[in-house]
Amino acid sequence: MVKPHPYVRAYMAGVVVPSIAMLIPMSIYAYHGFYLEVPSQFVFGLPARPLARALVFPMAVIPNAWGLWNVVHLAVRSLARLPIGAHGALLPLILIPTGVALARAFDVFHIQFWYAAPVVPLGMAVYYLVWKYVVGFLNSEVGIA
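Owing to the predicted nature of the structure, the values given are computational and were not obtained by experimental measurement.

K.L.:
If you had to explain helix H1 (residues 6-35) to someone new, which residues and values would you point to?
P.N.:
With 30 residues, H1 ought to run about 44 Å at 1.5 Å a step, and its terminal C-alpha atoms sit 42 Å apart, in line with that. Among the residues of H1, those classed as buried are Arg9, Ala10, Ala13, Gly14, Val15, Val17, Pro18, Met22 and Tyr29.

K.L.:
Outline the packing of aromatic side chains, listing residues and values.
P.N.:
Under the counting rule described, the total for this entry stands at two aromatic pairs. An aromatic cluster of three or more residues is present, and its members are Trp66, Tyr127 and Trp131.

K.L.:
Let's hear about the packing of H1 against helix H6 (residues 119-141): which residues, and what values?
P.N.:
Where H1 contacts H6, the two axes come as close as 9 Å, and the packing angle between them is 130°. Taken together, the axis directions place H1 and H6 in an arrangement best described as oblique. Seen from above, H1 lies across H6 with right-handed handedness. Taken together, the residues of H6 that come into contact with H1 (itself represented by Ala13, Val16 and Val17) are Val130, Val134, Val135, Leu138 and Asn139. For the contact of H1 with H6, the per-class residue count stands at seven nonpolar, one polar and no charged.

So, how was this worked out
- Residues numbered from 1 in each chain as written.
- Predicted model: local features only at pLDDT ≥ 70, side-chain atom pairs only at ≥ 80, totals over all residues.
- Heavy atoms only, no water.
- Helix = DSSP H or I, 4+ residues; strand = E, 2+ residues; numbered from the N terminus.
- Expected span 1.5 Å × (residues − 1).
- Buried < 20%, exposed > 50% of the residue type's maximum accessible area, 1.4 Å probe, protein only.
- Phe/Tyr/Trp six-rings, centres within 6.5 Å; stacked < 30°, edge-to-face > 60°.
- Axes fitted to C-alpha atoms, helices over the stretch in contact; angles between N-to-C directions.
- Parallel < 35°, antiparallel > 145°, perpendicular 65-115°, else oblique.
- Left-handed = near helix turned anticlockwise from the far one by under 90°.
- Contact = heavy atoms within 4.5 Å.
- Nonpolar A, V, L, I, M, F, W, Y, C, P; charged D, E, K, R; others polar.

In structure tokens:
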């Protein structure tokens, strides 16, 4: 029997990994701010307000991007025949330039893209492995692999 709503299941399988991973830095930030009562102007030696913006905004954007990217993989996999790991490795090519542009637009930090560019191959390698093994596993668990 074919399960209904494959795109919803693809989205849900895609958002699991970044949602869990984003809890770690946010928990550290909250622990330092609320339990240890670190002065509100500095956390980790950085001004707290830009740090909070740098943590909260990605918590909304990155899991949604992963979920939508998994839906795109499901939608085009019969046309593109691209393995899920390679498909996931393309996501940093969108997220890193977009993140740098949004960080500059929202005045979180100022960095030139050319300084962020060396991170792209590393991000692609990490995303390849996570998408191949973790998201691929989750896709097979929800029956869309």
